[in-house]
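# Inside the fold
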Amino acid sequence: MRLSQILISTLRDDPADAEIPSHKLLARAGLIVKIAAGVYTFAPLMWRTVKKFAQIVREELDREGANEVMLPIMQPKELWVSSGRWDRYVNDGIMFTLKDRKGSDMCLGPTHEEVMTAYVNAQVNSYKQLPVNCYQIQDKFRDEIRPRFGLMRGREFIMMDAYSFDADQPGLDAAYQKMRNAYCRIFERCGLAYTVVQADSGAIGGAGSEEFMVIADSGEDSILFCRESGYAANVEKAVSKLPPAPAGGEPKPLQTIATPDVKTVAQLEAFFPGWTAARMAKTVLYHVTWKAKAKVVAVMMRGDLEINEVKLTNALDALAVRLATDDEIKAATGADVGFAGPVNLPEDVPLLADESLQGVTNLLTGGNKTGYHCLDVNLGRDCRMPSWKELRTARAGEGCPVSGKPLEQARGIEVGHIFKLGIKYSKAMGATFMDQGGKPVPFVMGCYGIGVSRTPAAAVEQSFDDKGIVWPPAIAPFECVVAMLDPKRDEQVALADALYAELKAAGVDVCLDDRAMSPGAKFKDNELLGFPVQVFVGRKAAEGGVEFLVRKGMQKSECAAAEVKAKVLAALGR
């Protein structure tokens, strides 16, 4: 392929709205072009990369016996209502809904569990037809409130989503492990540094899930991990071992103390010398939305810890949670913000508490009265006993739940997610098969996703320098470029053509840069575009000499044209 035949338009400067390296570099290299917030056109070179990654995905999933299908992106409301997810997705605001000409409610599919479940339910009648594993590679649309970071958080994106259907839990476990193995091979083939972490299932649901994270400083997700035990989890899911709170001793009589304008934990520590944050219990009010109701809920947390709102949402089986407004707090407790507590909390306000407070005596809490706090509060004696839940956000430095060693923290980009759905969807949607006893039973399902357009962007986040992109060879638009620095000189054209033909015959995915540009501009362009191996044919062409560059590390050397094939193959690991 000659680059003069490919539409390439690089920019001198980063786009004004680009914040992270992949967005800046992909846009500056002309590989993606924004047409609306979170919606991009893929230029020819970028589409080659996306197709290469998609092919690796196909090969590894096919190897595990999965079947590729294509599902509709336009989906009827009824399917989503049958699974119970319409309200949650609409409430979250990310599902794009519309009406067709008949007035029927439809959506652009943000995911395809419902459609796939309906498809398999219509096709599979007996246990003899199981297991089934189908996947697709297709566009998704999620109407993100704040699309940002280019392909990292777009509204329209390309995704591989697969779904397994089994007769029982052991069948699901086997299918899940096969897909997990396939994912590992996919990311290893792409040359990405990744880790597998325990994760929250979110709106997808199910009994358990794992995320595949590409480690990068710009990652949106925080990961906690232990080198000794191998434990790793997204901070939304992570748990840890905590040092116990300071002993409170035998229960003491309750005291109510005036604390004018003292609201925060730091202010309380200053106001009550000797009381540490670990012996305080802050009470936070949340407005919680369920399918059929909404209510203010009180949540108690140790003063030195933070509430994990993902865990809270799951513990309440809610559609969404948000911090209560000042007016909602006043209506629920009778007190201004900063003075809520469990003592005299109205019975109609549910009370939850994190397990870190369980068994702790003589706590400092809000007094549910503006300007007052309570000392020596004992749960179950001075107020009702809360419902105990694991609600806190684990932090680096706390003990690993397996080894007890301090957890470390890193940033990661989610590129894949696998779930054990169980019968969540099949039961809700009435999707069944006849078991060996002739009884209808729900399918046991798994769900598996990979960001096909996000993963190449994640690769850029992990592999770039001050000159541009450094593509991993497996997903580079081309593995190698042969560039003639002056297309008007016959000896350069002849040698470049010969090297291009030789490398192509050797199985190298090579392109010929025959564009009419100055040598300096051509060097910069190819450095920005990031082809893994670059061969420049210039002034020494008549002598059979070329300049050879391995893009990673900018390793430059001069060599004879006769050596190019061997050096290219060696640089590509062949």
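Here the structure is shown first, and the text comes after it.
Scope of this entry: the structure provided in the associated data block. What you see is a predicted model; the values in this text were computed from it and never measured.

We now examine the sheet that holds strand E4 (residues 74–76). Here 3 strands make up an open sheet; going across it, the order is E4-E6-E5 and the pairing antiparallel. The sheet is open, and its two borders are formed by E4 and strand E5 (97–99), each paired with just one other strand. Taken pair by pair, the neighbouring strands of this sheet meet at an average axis angle of 40 degrees, ignoring direction. By the bridge criterion, 3 bridges tie E4 to strand E6 (residues 105–108) in an arrangement that is antiparallel. Looking across to E6, one finds that Pro76 is bridged to Met106.

Turning next to the side chain of Arg85. In this fold, Arg85 is placed in the loop between helix H3 (77–83) and helix H4 (86–92). A polar contact is formed between the side chain of Arg85 and the side chain of Glu114, at a distance of 2.7 Å.

Either a parallel or an antiparallel arrangement is found when strands of a sheet pair, and the pairing is made through backbone hydrogen bonds. Pairing within the open sheet is mixed, and its 5 strands lie in the order E16-E14-E15-E17-E20. One side of each edge strand has no neighbouring strand; the edge strands of this open sheet are strand E16 (320–323) and strand E20 (387–389). Recorded for the sheet is a direction-independent mean angle of 35 degrees between the axes of neighbouring strands. When strand E17 (residues 351–354) meets E20, the two strands line up parallel, connected through 3 bridges. From the neighbouring strand, Ala353 faces E20, where its bridge partner is Trp388. Against the sheet, helix H8 (residues 309–316) contacts strand E14 (281–289), strand E15 (294–302), E16, E17 and E20, and its axis sits at roughly 130 degrees relative to E16.

Structurally, Asp327 is set in helix H9 (residues 326–333). Residues Asp327 and Tyr176 lie 151 residues apart in sequence; the distance between their C-alpha atoms is 47 Å.

With that settled, the discussion passes to the side chain of Asn378. As for its placement among the helices and strands, Asn378 is situated in the loop between strand E19 (372–377) and E20. The class of Asn378 is buried, set by a relative accessible area of 6%. A distance of 3.1 Å separates a polar atom in the side chain of Asn378 from the backbone nitrogen of Asn362. Setting aside chain neighbours within four positions, we find Asn378 in contact with Pro251, Lys252, Thr361, Asn362 and Cys383.

This paragraph deals with the nonpolar core. If you look at the biggest cluster of nonpolar residues, it comprises 63 residues, and the most contacted ones within it are Leu26 and Met160. Here this core gets 9 residues from one element, more than from any other, and that element is helix H6 (residues 169–189). Once you skip the residues sitting within four places of it in the chain, Met160 turns out to touch Val57, Leu61, Tyr135, Gln136, Ile137, Tyr183, Tyr448, Gly449, Ile450 and Val452. Residues Val69, Leu79, Tyr163 and Met445 belong to the second largest nonpolar core, which totals 27 residues.

This brings us to unusual backbone geometry. The omega angle of the peptide bond from Leu130 to Pro131 is 5 degrees, so this bond is cis rather than trans. Within the element layout of this structure, Pro131 appears in the loop between helix H5 (113–123) and strand E7 (132–141). Despite not being glycine, Phe149 has its phi angle at roughly 65 degrees, a positive value. Within the element layout of this structure, Phe149 appears in the loop between E7 and strand E8 (156–166). In this structure Phe149 comes out as buried when scored by relative accessible area, which is 10%.

Moving on, we get to the environment of Asp168. Residue placement: Asp168 occurs in the loop between E8 and H6. At a separation of 2.9 Å, a polar atom in the side chain of Asp168 contacts the main-chain amide nitrogen of Gly171.

In total, this model carries 40 salt bridges according to the counting rule given. In this structure, the salt-bridge partner of Glu60 is Arg189, at a minimum N-O distance of 2.9 Å. Separated by 129 residues along the polypeptide, Glu60 in helix H2 (residues 44–63) and Arg189 in helix H6 bring together distant segments of the chain. Overall, the relative accessible area of 5% leaves Glu60 in the buried class. A salt bridge links Arg85 to Glu113, with the shortest nitrogen-to-oxygen separation between them at 3.0 Å.

Under the definition given, this model contains 15 aromatic pairs. Where Phe433 meets Phe443, the ring centres are 5.3 Å apart and the plane angle is 35 degrees; that geometry is what we call tilted. Of the two residues, Phe433 sits in strand E22 (residues 432–434) while Phe443 sits in the loop between strand E23 (440–442) and strand E24 (444–451), which places them 10 residues apart along the sequence. Both rings, one in Phe478 and one in Phe531, keep their centres 6.2 Å apart while their planes meet at 65 degrees; by these two values the pair is edge-to-face.

By definition, a disulfide links the sulfur atoms of two cysteines through a covalent bond. A full pass over the atoms with the stated rule returns 0 disulfides. Cys134 provides the cysteine sulfur closest to Cys447, a residue in no disulfide bond, and the two sulfurs are 13 Å apart. The thiol of Cys559 is unpaired, and the distance to the nearest cysteine sulfur, on Cys480, comes to 11 Å. On the basis of relative accessible area, Cys559 is assigned to the buried category, the value being 7%.

Further remarks concern the packing of helix H12 (residues 490–505) against helix H14 (residues 564–571). H14 packs onto H12 with a crossing angle of 45 degrees between their chain directions and a minimal axis gap of 10 Å. In terms of orientation, H12 and H14 fall into the oblique class. Pair H12 / H14 crosses with right-handed handedness. Residues Leu499, Glu502 and Leu503 of H12 form the contact with H14, whose participating residues are Val564, Lys565 and Val568. Partitioning the contact of H12 with H14 into residue classes produces 4 nonpolar, no polar and 2 charged.

Attention now moves to the pairing of E14. For E14, the buried fraction is high: 8 of the 9 residues fall into the buried class. The pairing of E14 with E15 spans 9 bridges and is antiparallel. Bridging from a neighbouring strand, Val284 pairs with Val299 of E15. Taken together, E14 and the strand that follows it, E15, pair antiparallel across an intervening segment of 4 residues. Strand direction decides the pairing type here: E14 and E16, joined by 4 bridges, are antiparallel. Bridge pairing in E16 links Thr289 to Ala320.

What counts as what
- Residues numbered from 1 in each chain as written.
- Predicted model: local features only at pLDDT ≥ 70, side-chain atom pairs only at ≥ 80, totals over all residues.
- Heavy atoms only, no water.
- Pairing = 2+ DSSP bridges.
- Helix = DSSP H or I, 4+ residues; strand = E, 2+ residues; numbered from the N terminus.
- Axes fitted to C-alpha atoms, helices over the stretch in contact; angles between N-to-C directions.
- Polar contact = N/O pair within 3.5 Å; in protein donor to acceptor, adjacent residues only side chain to side chain.
- Contact = heavy atoms within 4.5 Å.
- Buried < 20%, exposed > 50% of the residue type's maximum accessible area, 1.4 Å probe, protein only.
- Core = buried A, V, L, I, M, F, W, Y, C linked by side-chain atoms within 4.5 Å.
- Salt bridge = Lys/Arg side-chain N within 4 Å of Asp/Glu carboxyl O.
- Phe/Tyr/Trp six-rings, centres within 6.5 Å; stacked < 30°, edge-to-face > 60°.
- Disulfide = S-S within 2.5 Å.
- Parallel < 35°, antiparallel > 145°, perpendicular 65-115°, else oblique.
- Left-handed = near helix turned anticlockwise from the far one by under 90°.
- Nonpolar A, V, L, I, M, F, W, Y, C, P; charged D, E, K, R; others polar.

Everything listed here is a matter of geometry and, on its own, says nothing about what the molecule does.
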